[in-house]
Amino acid sequence: MKELIEFFNHPFFVFVGGISTVIAIVGFSYAIFTIVSGVLPVWIRLGKGLSNKKIAIYAEGQFDDFKNLLVDSGLFNEKNIEKVTSSSLSKGETHTMMLVNYNEFDDKIEDILRFKKDSDALIVYVSNGVRVPQNIINSINNQRNSIVVTFRGRLLNDIVTSLIPTAYEKK
């Protein structure tokens, strides 16, 4: 046993062990730096977005369905969700997240796009089977942070994803 210990006390093994330790420390430090500088800011933006973000829902008949979808997820506060009707479109201008029910606001999309700021997120929900004219699709596509969704299951995912870029405000 003593011979085995003496064998591994050879200067070669001491040198290799020292280099391995330095590599492990540098790798660990780099991993911590990457998490702090890359992932942590995204988590902070998402957290701020989920807690403070006011969402304007452009819907009249299906407003309660959309509101329940958001509130029942447990991610959004009920007080942060506001109803915007066709007679008060400008009310959504102060919100950085807009959810539009295309079936009810198909003739108001161009007006809503005029109220949308470049940094705002716009999500247009289109019921499955409803055909959206190409000029409307092009108008939506020309806007930043704009999404057209045809499935309710995707809707919540796209809302959460859209919170990340809109939660950051330059000072």
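Thresholds, definitions, all that
- Residues numbered from 1 in each chain as written.
- Predicted model: local features only at pLDDT ≥ 70, side-chain atom pairs only at ≥ 80, totals over all residues.
- Heavy atoms only, no water.
- Buried < 20%, exposed > 50% of the residue type's maximum accessible area, 1.4 Å probe, protein only.
- Helix = DSSP H or I, 4+ residues; strand = E, 2+ residues; numbered from the N terminus.
- Arc of directions from axis to C-beta.
- Contact = heavy atoms within 4.5 Å.
- Patch = residues over 30% accessible without salt bridge, like charges linked within 9 Å, V, L, I, M, F, W, Y side chains within 5 Å.
- Areas by Shrake-Rupley, 256 points an atom, 1.4 Å probe, with all protein chains shown as cover.
- Salt bridge = Lys/Arg side-chain N within 4 Å of Asp/Glu carboxyl O.
- Pairing = 2+ DSSP bridges.
- Axes fitted to C-alpha atoms, helices over the stretch in contact; angles between N-to-C directions.

Trainee: Would you mind going over helix α3 (residues 63-72) with me for this structure?
Mentor: What sets the pattern is the α-helix's 3.6 residues per turn: residues three or four places apart point alike. Turning to α3, its buried residues are F63, F66, K67 and L70. Around the axis of α3, the buried residues are gathered within 100° of arc, so they sit on the same side. Away from its buried face by more than 90 degrees, α3 exposes D64 and D72. Packed against the buried residues of α3 are β1 (55-58), β2 (81-84), β3 (97-101), β4 (121-125) and α7 (152-166).

Trainee: How should I be thinking about a nonpolar patch on the surface in this particular structure?
Mentor: Where nonpolar side chains cluster on the molecular surface, the patch consists of F28, I32, I35, V36, V39, L40, V42, W43 and I44 and spans about 820 Å² of accessible area. As for its position among the elements, L40 is in helix α2 (residues 11-52).

Trainee: In this structure, what is going on with the sheet that holds β3? I would like to understand it.
Mentor: Pairing between the strands of a sheet is mediated by backbone hydrogen bonds and can be parallel or antiparallel. As summarised here, the arrangement of the five strands in space is β2-β1-β3-β4-β5, forming an open sheet in which the pairing is parallel. Strands with a single pairing partner mark the edges of an open sheet, and in this sheet they are β2 and β5 (146-149). In this sheet, adjacent strand axes meet at a mean angle of 20° when their direction is disregarded. Of the pairings in the sheet, the one linking β1 to β3 comprises four bridges and is parallel in character.

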